[in-house]
Structures are given as structure tokens and as C-alpha cells.
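Notes for the structure review
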Amino acid sequence: MDLDRFGKERIQYAMIVAQGAGSRLASVMLSRRAVARHNGLPLPRRPLHHQSTRHIQTATVTDIDIARLASQPLHPLTLADLCKHGHPPLSEQALLNSANFTLSLLPARLAHRIQSLRSLPYIVVANPNVSKIHSNYVHSLSTLLPYASRRIETLKDEVAFTAVMADLVQTHNNTISILARGFLEARKYITALDVTRFLDEHLRARIGTRLIAEQHIALHYSSQPHNSLHTSSTPQNSREVEESSYIGVIDTHLKPAHIIRNCEAMVGEICELKYGVRPTIRMVGETETAIAHIPMHLEYILTELLKNSFRATIEAGMEREAIEITIAPAPAADQQTRTGEEQSRQTGGISNHDQGSVDSASGNTKRSSVNIRALADSTPGVTIRIRDRGGGISPENLKNLWEYGFTTFNEDEINEKTSSSSSSSYSSGGGGMDAVMAVGGPVGGSSLAGLGYGLPLGRAYAEYFGGGIAVQSLWGWGTDVYLSLRGVGRV
Amino acid sequence: MQTLPYSALTNEHISHVYEAYYRAFEIFRKVPEVRTLTDNDRFCEALQTTLKEHLTVIPRLAMGILEIQDSVSGDECDRFMNTLLRSRISRRVIAEQHLALNETFHSPWHFDGKKSAIAPEDEFVGEIFLKCNAKEIVEKCAQRASELTRKAYGPTVSLPKIVLQGHLDTTFPYIPSHLEYILGELLRNSLQAVVEQRSSAEPPPIEVLICEAAQHVIIRVSDQGGGIDREILPYLWSFAKGPRRMKRLKNLGKVPRLAATMQDLQLPPSHPESAAGSGEKFGSSLVSLSGRPPDLRLGIGLPMSRIYAEYWAGSLELHSLEGYGCDAFLQISRLGNKNEVLSTRATMDAV
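Residues numbered from 1 in each chain as written. Chains lettered and ligands numbered in written order. Predicted model: local features only at pLDDT ≥ 70, side-chain atom pairs only at ≥ 80, totals over all residues. Heavy atoms only, no water.

In terms of regular secondary structure, chain A is built from 18 helices and eight strands. Burial analysis of chain A (491 residues in total) assigns 56% to the buried set. For chain A, the computed accessible surface area is about 20,700 Å², with 53% contributed by carbon and sulfur atoms. (Helix = DSSP H or I, 4+ residues; strand = E, 2+ residues; numbered from the N terminus. Buried < 20%, exposed > 50% of the residue type's maximum accessible area, 1.4 Å probe, protein only. Areas by Shrake-Rupley, 256 points an atom, 1.4 Å probe, with all protein chains shown as cover.)

And the structure:
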């Protein structure tokens, strides 16, 4: 093609937009729907992709509602809150309490998200992908408004409420990849720094919101009155009956080694598919360690880290060398006192703020205070160290390591197996787009890399309960990654 | 030092150091331009005396800092120490380099304690050893640290082996005494942690990895000594220690040759090679510090090492696996053309 790069981009952009929703103009001009949305007019009913939402009530969401809810302070959730309704199976009353508690938290949080999205530049939110996310949030809020004025008093209500929760979780499943695409397309109109700042806050808040919803759903499915009714919908359910170590989504006896092996298998499969070889893992330390944590989160983090390690190992030709993973349980501490936000120079390590060690790649961003606070006397945590021989991270890439959307994965280069990687996806417009289009699908899907979200998001998950990720690169040899997890508490 | 709060200087240690610097300033500003060899000789003598006199600066300052914790904030102390120590390294390097070159000039073939028989000019440029072999230095430091630890904990203690891996042929130009100090401190910390943790069976080895790239060399010291205590963690890199202040203060007073008067520079007979092996002839505060028994914990090893590492545009980082062990990463810039990292007037004045 002899179109210049700008022209090529416009065509690609237009193609995506056209794919997205047929009726919109294939340009960056505002569509009428978006205008309607911004003025708080009632949303036309969106065709959703599954049956059960047909019977979910929605109410009109006005700007006033949003403003009112967003002005409410956010209740800083603690894990005790999540677990206070008791060990499943829950009694009917406890279940209702859980539902009402969830109800008290979510609308405000959603409203905050909406406002935060709205404070992005107009033209960014006009991007079809970003605006889709925005309307998802408005939709979710609209499903919660009918409950705003009343408490959940009967089991029937509670079942309906749980359906709403399920809808919430389902709707927002692909937020990350869609947002990623949106920001990539709109990168001319917003700086990388602003994107990072927004995403940091948003994604961390998202972790919380989803956690609250998923916790209730899991508690619901594991509770006495419902066990007979529902058979196998949620993944937790089949385990619930045998393992009483679960409280909702929290597994009080989670073995990191177990998750590591699972992730190893999964990522290994992808590697074999893509590269024909599969690196191995050697586990040392105390492999039988168990902590109380959320399997879903840990799985995500480990998958991302292993993806990085495996890819680096293969690209460096070192797949015969096992990747060494050390599991180091922290000794039981009686009272863990956090000395506040004590960052020496940069963050890194166990409860990132306390440790004086330096992670030269991580930035100095302020964490939002909306996080869930770990219990004061947490069960001891664990540190997992992943050591690979993949050649390390080059000094130029180090500073971009924690940015959203930065990736060294480039489909074309992989085939040539060059050792130098492409620079930030923001500057290599075409290549970045290819990567995004090649990935598609939900996060954690079948591709090995490409979105550039693995590390920052993994760190968000780790830090959510007071842990962290630190990366130490030995350029020319390999990389050491230190994942520290604090137990989510004695329940 | 004049910009420190007045209360800091009422502390006897700090004021002693201040006086020493003042005197040095007076001496040197009176030295006329060096035109002849005799002038040079006189200059060198002045240099040497002053260097000797300032040997106690580090421990004294450290003690002073600990003592004034109540009146001056920890952050300010750290900033001050960093600035001062950086410029101190710079001055001493320049001074010692000149003295070394002077020495070479006068007696090119008689180099005290120089191990190899090759002409020194090939390998040493004054103090800088052009071909520091990472492996050799690590092994030497390992040996020394092991001996010291054994002495401190008794001959029956089982020491962990120190195992080297990686690119073992790496060479780079550096000042050996600096490197030995840093590695010594790191290895000593590791050894100590491992020994104090388990006194019984075969202790797990300490792994040292040497890795070279075009622009730098990275040395990773990895031990299984139980990691770093949570309560100390925030104060790891600070001269203003937290919970262990009092003990540190006491220990600092015991550092060999911290005494108010520095009569002579006899190194204890147990360290016949400490000055000689490193080509270091003027004795340095580093040597006296390195020679202390390992259970004399001063609490300045890490921040000092970091300053030395960063002086030549390198870095020192530490990651602790709580309950398991610790990894230290020392990065040394290889290219000889990196400028020294000082705290300039601009950064000092800036808030």
C-alpha cells in the first residue's frame, strides 16, 4: 500500500468502528447515540448477548442519580466485611444480609466509575470501544437502581438480585481488552501518562467491584437453601460441597504450588502451539505452603508472569533451562503494623511501601484509597520468586515496564526471532494494532502476549491485599520477579 | 556541614568532624601551585596527613547521626550523609589517586604487596585496577568474610559455601577497595544471616551470580538466611536507624581505631594482606571497617555500599523474601567514561 501510515491507521480505525456497530459514522465525530447518552436521556434497550437479562428490571439513570451517588463517600472495604456473613453454607438471614450489604456498596462505586470515565476527554469517550464500556457501567447502574429504595427481604428478591450480580459480572467481562483497544485507537487524543493514571485507578476499583459482586454470587451458590436448586453453574459450586476451605471466592487454604502447576500447564500449551517448545518449571522452597487468598486473582497474576518468563526463555533459546520458582512463606507475625506510605525511593517488594528495596522499573504512582484493606492481623503471606534465564529486560524497556499498553510482543518479529524487541506499542502504531487485533477475545485467552496489561494489572491484583510485584532485570542473563502476597486474613 | 541545624553541631562527634574539615580546608588553601617535585612532595605529605586524620570521619558521623535523632529528622540526616559521603569519596579518590601515581612515579618497580610481577602500569592506573576480575574479587571477599565469621562464631560453626555462577571471566576497570568493601559487606550480611538462622546441619549455600552485558556487570548475591525483619525494612538504607539505634551506637564506639587520636596506622597482624592485596597503601577507613568482627553490627554497611556503588553510576538493590532469604543486586557500570555521581550545589539547595 502506498498510503502513508496515517492513512493506513484511519482505514483500520474505520474498519474496527464499522465492525463494532454498524450504524455509527466511521469517523471520530460524535454519533447521535453518544449525544443522547451524555444528556441523560433514557438508553435504548441494548441487545445483550444472553437470555437471562431479559427479565432484569432497569430504571432510567439520570445525571442527577449519578451525581448523587458519586458524591457519597466510598466505604473502604475490609476483608472482614466480605467474610463477616459467615462460613458457607449461609443461613437465609445471613444471605439476605450479604445481599443488602452488597447493595449498599455497589451503586456508589459504579457511579464513581461513570464519573471517572466522563472526566476523560470528550473525544476519547466518543471512541466506540470506550463508550461501550461507559454504557456498560450506566446499564449496570440502571439494573441496581430499582433496589435503591428498598432492602432485600425475601429469598425470591435475593435470587433476582443475584441474577443482577451475575449480569454485572458478565457484562464487564471484557472491559480490559475493549478499553485497551479503545485507548489504543484514541492515543492521539490522550497522553500515555493520563491513560496510565486513569487505568490504574479504574482497574483497581474494578477489582473491588467485581470482588464484591462475585463474593455474593459465590456465597449465594454455596448456601443451604439454594444447594438443591442450582446444580453446576459456577465453578466454585462443584468444589463447595467437598471443600469447606472456601468462603465465597476466598480459599483459606490455597496452595500457590497448585496454581503454579496449573498455570504452567496452560501457558505451556500455548507455547507448544506457538513455538513448538515448552519450558519447564522447577519449584524450590516450601512448596506445601498454603495461604488464604483468592484463587482467581492469583491465577491471573501467575499466568501473566509465566507468560512473560516463558516467552523470554524461548526467545532467548534457553528452553532447556528450567525456570526456578521459589516459594517462601513468611513467618507468622503477631501484629503486622504497616508504617504507612513509607516509600523510600521507589516501590517494590512485600507490601511495597514498607520495603526499602528498589524496583527501578516501577513508577511512583499514588495508590487510590478505595482499596480493600487487609486485615490487621493477617495470616502470614508468601513470597514467590520467579527466576528465568530469558536474557533480561533491556534498560530502554525498563522504564516502560509498568505502563498500560506497553508490550514488546510483535507478531512479525517473533517469526524472525530477533532479539531486539519493538518499542512501545504507542509508537509503533501499525504493529501495536496488529497485536491487539491478533489477540481479540477475553483477557487471559489463548494468546501469549500482546496487550501490554499483564504486568501493571498483575501488580494491581497483588497490591490489592497489601502485596506487590517487584521486577529485577539482569540484562544479558535473565529476570527475577518477586511476587509477594499477604494473606487475606484470619477469618 | 554549615547548613546543618545548629543543634546537630552541638553533638561532639559531628563538631569534631567539622573541625577536621575546617582544618583541612585551611591547610589546602594555603598550598601554592605545585611547580616542582619538592612542591609535589610537600603537597603529598599534606595529603597523607589529612587523609589519615580523616579516617575516623565515617564512624564518627554515624554515631553523631544516631545521637541527634531527636533533634534532626531522619530524612534530613540521610540526605546530609549521602551528600557528604559522596563528596568525601570523590575527594579521597582524587587524593589517593594522586598519591598512588606519585608513588609509582618514584618507585615504579617496587609496589608494596602487589601480587603480580608484571609492570604495574599495565594493570593499575594509580588506584584503578583496569582488569578487576569479578570472580577473583568475589572469591577473595568470600574467603575473608568466611574467616571473619568463623572467628566470630567459633571454629566449629558450619559456614555456608559461597558458590559462583555465570560469566566467570568478566573483567572491568574499578577501584578494588570499593568493590571489595561492597562485596564484603554483602557477603558478610549473608553469612551472618545464614549462620544465625540455623546452627545445625549443612547450611544452604550462598549463590553469587556474575552476569555481564555490554554496558555493565551485575553481581547477584542470593542467600537463604531468612530474609529481613519487617521492622527493620523501612530503615534498611538509612543512616538514621529505627528500632536498633542504641545497640548500633554502642557498637560504633567499638570500631577499631575509632579512637579520638589516630596515632599510627598499624593494621592488626591478623590482616596481613588487607592493605597489601588491594594495592591500597594508605590504609583507609574502609579497611578498618572491613576488618571489624562480623558481630559488631554497625548498621551502615548497606547505605555505605550503596553510596559507593552509586558513586560510579552503578546501583545496589535488595529484595527480601521474608522468612526465606535475600537477594542483593549490585550493578557496576562498565564504561570508564561515566561521570561520578555527586550531589551538586543545585540539588543540595533544592528542597
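Looking now at the confidence of the model for chain A. Residues and elements named next belong to chain A. In the predicted model, chain A carries a mean pLDDT of 71, and 65% of its residues have values of at least 70. In this model residues 334–371 is a low-confidence stretch, pLDDT under 50, and it forms 106 contacts with partners more than four residues away in sequence or in other chains. Predicted confidence for residues 373–377 stays below pLDDT 50, and this span has 16 contacts to residues more than four positions away or in other chains. (pLDDT = per-residue confidence, 0-100. Contact = heavy atoms within 4.5 Å.)

Let us look at the nonpolar core. Counting residues in each nonpolar core, the largest one holds 104 residues, and the members touching the most others are Phe183, Leu199, Ile325, Ile469 and Leu483 of chain A. For this core, the domains that each give at least three residues are domain 1 (5–247) and domain 2 (250–486) of chain A. (Core = buried A, V, L, I, M, F, W, Y, C linked by side-chain atoms within 4.5 Å. Domains from an automatic or database assignment.)

All names here are of chain B. Spatially, the five strands line up as an open sheet ordered 3-5-6-8-7, and their pairing is mixed. The open sheet has two free edges, formed respectively by strand 3 (162–166) and strand 7 (315–321), since each of these has just one partner strand. Averaged over all neighbouring strand pairs, the angle between strand axes comes to 15°, with direction disregarded. Pairing analysis gives five bridges linking strand 3 to strand 5 (residues 206–212), with the strands arranged parallel. Bridged to Val163 within strand 5 is Glu207. Contacting strand 3, strand 5, strand 6 (216–223), strand 7 and strand 8 (325–333), helix 8 (residues 176–197) crosses the sheet at an angle of about 20° to strand 6. Against the sheet, helix 12 (residues 301–311) touches strand 7 and strand 8, its axis set at about 140° to strand 7. (Pairing = 2+ DSSP bridges. Axes fitted to C-alpha atoms, helices over the stretch in contact; angles between N-to-C directions.)

Residues and elements named next belong to chain A. The three strands are arranged 1-2-4 in an open sheet whose pairing can be described as antiparallel. Strands with a single pairing partner mark the edges of an open sheet, and in this sheet they are strand 1 (246–247) and strand 4 (291–293). Where strand 2 (residues 250–254) lies against strand 4, two bridges are found, and the strand directions are antiparallel. For Leu254, the partnering residue across the bridge sits in strand 4 and is Ile291.

Attention now goes to the pairing of strand 8 (residues 478–485) of chain A. Residues and elements named next belong to chain A. For strand 8, the tally of buried residues reaches eight of eight residues, placing the bulk of the element in the interior. In strand 8, alternate side chains face the same way, and those of Gly478, Asp480, Tyr482 and Ser484 on one face and Thr479, Val481, Leu483 and Leu485 on the other are all buried. As paired strands, strand 6 (residues 382–388) and strand 8 are joined by seven bridges and run antiparallel to one another. The residue of strand 8 that forms the bridge with Arg387 is Asp480. Taken together, the seven bridges between strand 7 (residues 468–474) and strand 8 define a ladder with antiparallel strand orientation. The partner of Val471 across the bridge, within strand 8, is Val481.

Turning our attention to the environment of Cys77 of chain B. All names here are of chain B. Structurally, the position occupied by Cys77 is in helix 5 (residues 74–106). Here Cys77 falls in the buried class, since its relative accessible area comes to 2%. Residues Cys77 and Tyr22, spaced 55 residues apart in sequence, show a C-alpha to C-alpha distance of 20 Å. Excluding anything up to four places from it in sequence, Cys77 contacts Ile65, Ile68, Gln69 and Val72.

A few words on the environment of Arg150 of chain B. Residue and element names in this part refer to chain B. Tracing the backbone through its elements, the reader meets Arg150 in helix 7 (residues 134–153). Judged by its relative accessible area of 38%, Arg150 falls in the partly exposed class. When the C-alpha atoms of Arg150 and Glu103 are compared, they prove to be 36 Å apart, with 47 residues separating the residues in sequence. Sequence-distant contacts of Arg150, defined by excluding residues within four places in its chain, comprise Pro155, Val157 and Leu159.

A few words now on the packing of helix 2 (residues 12–29) of chain B against helix 3 (residues 37–53) of chain B. All names here are of chain B. Between helix 2 and helix 3, the shortest axis-to-axis distance is 11 Å and the interhelical angle comes to 175°. On the basis of the axis angle, helix 2 is roughly antiparallel to helix 3. Between helix 2 and helix 3, the residues in contact are Ala20, Arg23, Ala24, Ile27 and Phe28 and Phe43, Ala46, Leu47, Thr50 and Glu53, respectively. For the contact of helix 2 with helix 3, the residue count by class is seven nonpolar, one polar and two charged. (Parallel < 35°, antiparallel > 145°, perpendicular 65-115°, else oblique. Nonpolar A, V, L, I, M, F, W, Y, C, P; charged D, E, K, R; others polar.)

The final tally for this structure, using the stated rule, is 26 salt bridges over all chains. Between Arg113 of chain A and Glu201 of chain A there is a salt bridge whose closest N-O contact spans 2.9 Å. Of this pair, Arg113 of chain A sits in helix 5 (residues 92–118) while Glu201 of chain A sits in helix 10 (residues 192–221); the two residues are 88 residues apart in sequence, bridging distant segments of the chain. With a shortest N-O distance of 2.7 Å, Asp327 of chain B and Arg385 of chain A are connected by a salt bridge. With Asp327 of chain B in strand 8 and Arg385 of chain A in strand 6, this residue pair bridges two chains. The class of Asp327 of chain B is buried, set by a relative accessible area of 0%. (Salt bridge = Lys/Arg side-chain N within 4 Å of Asp/Glu carboxyl O.)

The subject of this paragraph is helix 10 of chain A. Under the 1.5 Å per step criterion, the end-to-end length of helix 10 of chain A is 42 Å for 30 residues, consistent within 8% with the ideal 44 Å. Most of helix 10 of chain A is tucked away, with 25 of its 30 residues classed as buried. (Expected span 1.5 Å × (residues − 1).)

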